[in-house]
Amino acid sequence: MFLEASDFVGKYKIAKDCYSKDLLESYIDKYEKIYLQDLLGVALYNAFVADLNDDDSPKPQSLRFREIFNERVTEDVFGAMYRSDGMLEMLKGYVYYHYVLDQEFKNTINGTVINQASFSQKVALAKSTLEDRYNLATDTYISIQLYLMDNEETYPEYKGKSKKLSFFGGAF
């Protein structure tokens, strides 16, 4: 819908070759939809998708969806600040998280095995940036949902699922 394999550069860099590109595309197809449905709820997700233009890089047409799609900083009535990096950055973070997490294991005819290279050493999950990327995406997810709840008259269809930050491999 929004992301392509070529979008995974910079802090979301994923090594790609002719064999892994299709796999990454399948993760994009799966997790974009899941996280947007969780974020918005079914009715608001369907309205959001119906509002997208038909370009090669779809964008929301109406102001109410551009408000949650683009990056933004807002404050609640108590002065707490909420920063959204925008839906695209959020989706990159979640796709990156699932794709990189699953690369540790490989399914073979001998069963599921741990991927190992002969001249490299695997970084422990707690030392990697994997959890950080998940939390960056979740910060934006939470920020968008708080905006939706603060503007319920504009988003009456909203019924999203909440998410929590991950701390050292804790529950999501």
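Nothing here was measured: the structure is a model prediction, and the numbers come from that model.

Q: Quick question: what am I supposed to make of the packing of helix α4 (residues 87-102) against helix α5 (residues 130-150) here?
A: Two quantities define a packed helix pair, namely the angle between the helix axes and the distance between the axes. Packing of α4 against α5 brings their axes to within 8 Å, and their N-to-C directions diverge by 145°. In the packing of α4 onto α5, the handedness of the crossing is left-handed. Here Met87, Met90, Gly93, Tyr94, Tyr96, Tyr97, Val100 and Leu101 of α4 lie close against α5, whose contacting residues are Leu130, Arg133, Tyr134, Ala137, Thr138, Thr140, Tyr141 and Ile144. Here the contact of α4 with α5 is composed, by residue class, of twelve nonpolar, three polar and one charged.

Q: Quick question: what am I supposed to make of the side chain of threonine 140 here?
A: Looking at the secondary structure, you find threonine 140 in helix α5. Discounting chain neighbours no more than four positions away, the residues touching threonine 140 are Arg83, Ser84, Asp85, Gly86 and Met90.

Q: Any chance you could explain the environment of aspartate 22 here in plain terms?
A: Relative to the assigned elements, aspartate 22 resides in helix α1 (residues 21-40). For aspartate 22, a relative accessible area of 61% gives the class exposed. C-alpha separation for the pair aspartate 22 and alanine 5, spaced 17 residues apart in sequence, amounts to 8.5 Å.

Q: Sorry if this is basic, but what is going on with the pattern of salt bridges here?
A: Pairs can form between side chains of opposite charge whenever their charged atoms are close. Evaluation of the coordinates by the stated rule reveals five salt bridges. Taking the shortest distance from any N to any O, the salt bridge between glutamate 157 and arginine 64 comes out at 2.7 Å. Linking glutamate 157 in the segment after α5 with arginine 64 in helix α3 (residues 63-69), this pair joins segments that are 93 residues apart in sequence. Residue class for arginine 64 comes out partly exposed when judged on its relative accessible area of 21%. A salt bridge links arginine 133 to aspartate 132, with the nearest nitrogen and oxygen atoms 2.8 Å apart. Here the residues in one salt-bridge network are Asp38, Lys161 and Lys163, joined through shared partners.

Cut-offs used in this document
- Residues numbered from 1 in each chain as written.
- Predicted model: local features only at pLDDT ≥ 70, side-chain atom pairs only at ≥ 80, totals over all residues.
- Heavy atoms only, no water.
- Axes fitted to C-alpha atoms, helices over the stretch in contact; angles between N-to-C directions.
- Helix = DSSP H or I, 4+ residues; strand = E, 2+ residues; numbered from the N terminus.
- Left-handed = near helix turned anticlockwise from the far one by under 90°.
- Contact = heavy atoms within 4.5 Å.
- Nonpolar A, V, L, I, M, F, W, Y, C, P; charged D, E, K, R; others polar.
- Buried < 20%, exposed > 50% of the residue type's maximum accessible area, 1.4 Å probe, protein only.
- Salt bridge = Lys/Arg side-chain N within 4 Å of Asp/Glu carboxyl O.

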